[in-house]
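Architecture at a glance
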Protein chains: 2
Amino acid sequence: MKALLVVAHGSRRVESNDEVRDLTGRLGAQTNGAYDLVQCAFLELAEPSIPDGLRAAIRSGAQQVVVVPYFLSAGRHVVADIPAEIDVVRKEYPDIEIIQAPYLGAAAEMTALLLQQAQQIHN
Amino acid sequence: MKALLVVAHGSRRVESNDEVRDLTGRLGAQTNGAYDLVQCAFLELAEPSIPDGLRAAIRSGAQQVVVVPYFLSAGRHVVADIPAEIDVVRKEYPDIEIIQAPYLGAAAEMTALLLQQAQQIHN
């Protein structure tokens, strides 16, 4: 069983966190069975935390969890903080494979997406 | 003459700001002539500021500047801070059209992009 965990920074604004939850829900409907479970977690300021999100996926039966950072730059959060949070749960569940995927901002398509947003104003 | 201004938050990490500058450079090469000028600006912590970025585009001859926020959520920065910065320059140049486009995170394709990042680990 495979799980996908979308990890966002988390915000004091409830709406921003709900935006991530909505996105995750839409994503869950689009995986065509590639993942049995799609959930989100937050680095700070919102629940669940990354360890709690990982534990929930594992308790639901996930043997592999892919963590995809919903971040735009390869800053400290992506390079150090998220890996450290993952390591906490790796030690608790050494038999479960937890893999951090490239962060969102690394996607080559980001330029096309920005251009598309810019062109929305002409509609 | 039309300009596109990619507006990012800005970071204390030079590499994060350079990542935005690189992205903007790549974007500039992909517009197929839709914009005569593609530059970036930062809300805080990096240069140029949003007003300075707008002024530079206008001095280069832009009659219309589209501002696209490189932000993932519709927080205070997108809803209030960026519009306030734009207004400063609107007052200086009332004949120039400055339009704020939808922020990046509003793009429907975000889910597909996250899924793609997750699947990079299988390569």
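Residues numbered from 1 in each chain as written. Chains lettered and ligands numbered in written order. Predicted model: local features only at pLDDT ≥ 70, side-chain atom pairs only at ≥ 80, totals over all residues. Heavy atoms only, no water.

Side note on the relation of the copies chain A and chain B
At an RMSD of 0.0 Å, chain A and chain B line up after a rotation of 180 degrees and a shift of 0.0 Å along the axis. Here the transformation between the copies is reduced to the relation of a two-fold axis. No C-alpha of chain A lies nearer the rotation axis than that of Leu 72 of chain A, which sits 4.0 Å from it. Comparing interface residues between copies, 100% of those in chain A also sit at the interface in chain B, which points to an isologous, same-surface contact. (Least-squares fit on C-alpha atoms with pLDDT ≥ 70 in both. Contact = heavy atoms within 4.5 Å.)

Structural notes on the sheet that holds strand β2 (residues 37-42) of chain A
Residues and elements named next belong to chain A. With respect to topology, four strands assemble into an open sheet ordered β2-β1-β3-β4, the strand pairing being parallel. This sheet does not close on itself; its edge strands, each paired only once, are β2 and β4 (97-100). Here the average twist between neighbouring strands, direction ignored, is 25 degrees. The pairing of strand β1 (residues 2-8) with β2 spans six bridges and is parallel. Note that in β2 the partner of Ala 3 across the bridge is Leu 37. Its contacts with the sheet put helix α2 (residues 50-59) on β1, β2, β3 (64-69) and β4, and the angle it makes with β2 is roughly 160 degrees. In this fold helix α3 (residues 76-92) packs onto β1, β3 and β4, with an angle of close to 175 degrees to the strand it touches most, β4. (Pairing = 2+ DSSP bridges. Helix = DSSP H or I, 4+ residues; strand = E, 2+ residues; numbered from the N terminus. Axes fitted to C-alpha atoms, helices over the stretch in contact; angles between N-to-C directions.)

Focus on the sheet that holds strand β4 (residues 97-100) of chain B
Residues and elements named next belong to chain B. What the four strands build is an open sheet, ordered β2-β1-β3-β4; its pairing is parallel. The open sheet has two free edges, formed respectively by β2 (37-42) and β4, since each of these has just one partner strand. Averaged over neighbouring strand pairs, the angle between their axes works out to 25 degrees when direction is ignored. Across the face of the sheet, helix α3 (residues 76-92) comes into contact with β1 (2-8), β3 (64-69) and β4 while running at roughly 175 degrees to β4.

As for α3 of chain A
All names here are of chain A. For α3, built from 17 residues, the straight-helix expectation of 24 Å at 1.5 Å per residue is met to within 8% by its first-to-last C-alpha distance of 24 Å. Every buried residue of α3 is accounted for by His 77, Val 78, Ile 82, Ile 86 and Val 89. Buried residues along α3 sit against β1, α2, β3 and β4. (Expected span 1.5 Å × (residues − 1). Buried < 20%, exposed > 50% of the residue type's maximum accessible area, 1.4 Å probe, protein only.)

Some thoughts on the pattern of salt bridges
All names here are of chain B. Applying the stated rule across the entire model yields twelve salt bridges over all chains. A salt bridge links Arg 21 to Asp 18; the nearest nitrogen and oxygen atoms lie 2.9 Å apart. Of this pair, Arg 21 and Asp 18 both sit in helix α1 (residues 14-28), three residues apart, roughly one helical turn. Of the residues examined, Arg 21 reaches a relative accessible area of 33% and is grouped as partly exposed. (Salt bridge = Lys/Arg side-chain N within 4 Å of Asp/Glu carboxyl O.)

Section: the confidence of the model for chain A
Scored by pLDDT, chain A comes out at a mean of 95, with 98% of its residues at no less than 70. Both confidence scores are given for the complex: pTM 0.92, ipTM 0.93. (pLDDT = per-residue confidence, 0-100.)

Points about the layout of surface pockets
For the largest pocket, the calculated volume is near 1500 Å³. The wall of the largest pocket is formed by 45 residues, among which His 9 and His 77 of chain A together with His 9, Phe 71 and His 77 of chain B lie closest to the centre. When residues of the lining of the largest pocket are traced back to their parent elements, those giving at least two are α1 (14-28) and α3 of chain A together with α1 and α3 of chain B. In the lining of the largest pocket, the residues fall into 17 nonpolar, 17 polar and eleven charged. (1 Å grid on protein atoms, 1.4 Å probe; cavity = no way out; pocket = protein on both sides within 12 Å on 5 of 7 lines; lining within 4 Å. Points joined across faces, edges and corners; volume = space filled by probe spheres on them. Nonpolar A, V, L, I, M, F, W, Y, C, P; charged D, E, K, R; others polar.)

Topic: the side chain of Ser 16 of chain A
Position of Ser 16 of chain A relative to the elements: it lies in helix α1. Assessed through its relative accessible area of 4%, Ser 16 of chain A is described here as buried. At 3.3 Å, the side chain of Ser 16 of chain A and the side chain of Ser 73 of chain B are in polar contact. Ser 16 of chain A has contacts with Ser 11 of chain A together with Ser 73 and Gly 75 of chain B, leaving out every residue within four places of it along the chain. (Polar contact = N/O pair within 3.5 Å; in protein donor to acceptor, adjacent residues only side chain to side chain.)

Looking at α1 of chain B
Between its terminal C-alpha atoms α1 of chain B stretches 21 Å, which fits the 21 Å expected from 15 residues at 1.5 Å a residue. Looking at the buried positions of α1 of chain B, the neighbouring elements they touch are α4 (110-119) of chain A together with β1 and β2 of chain B.

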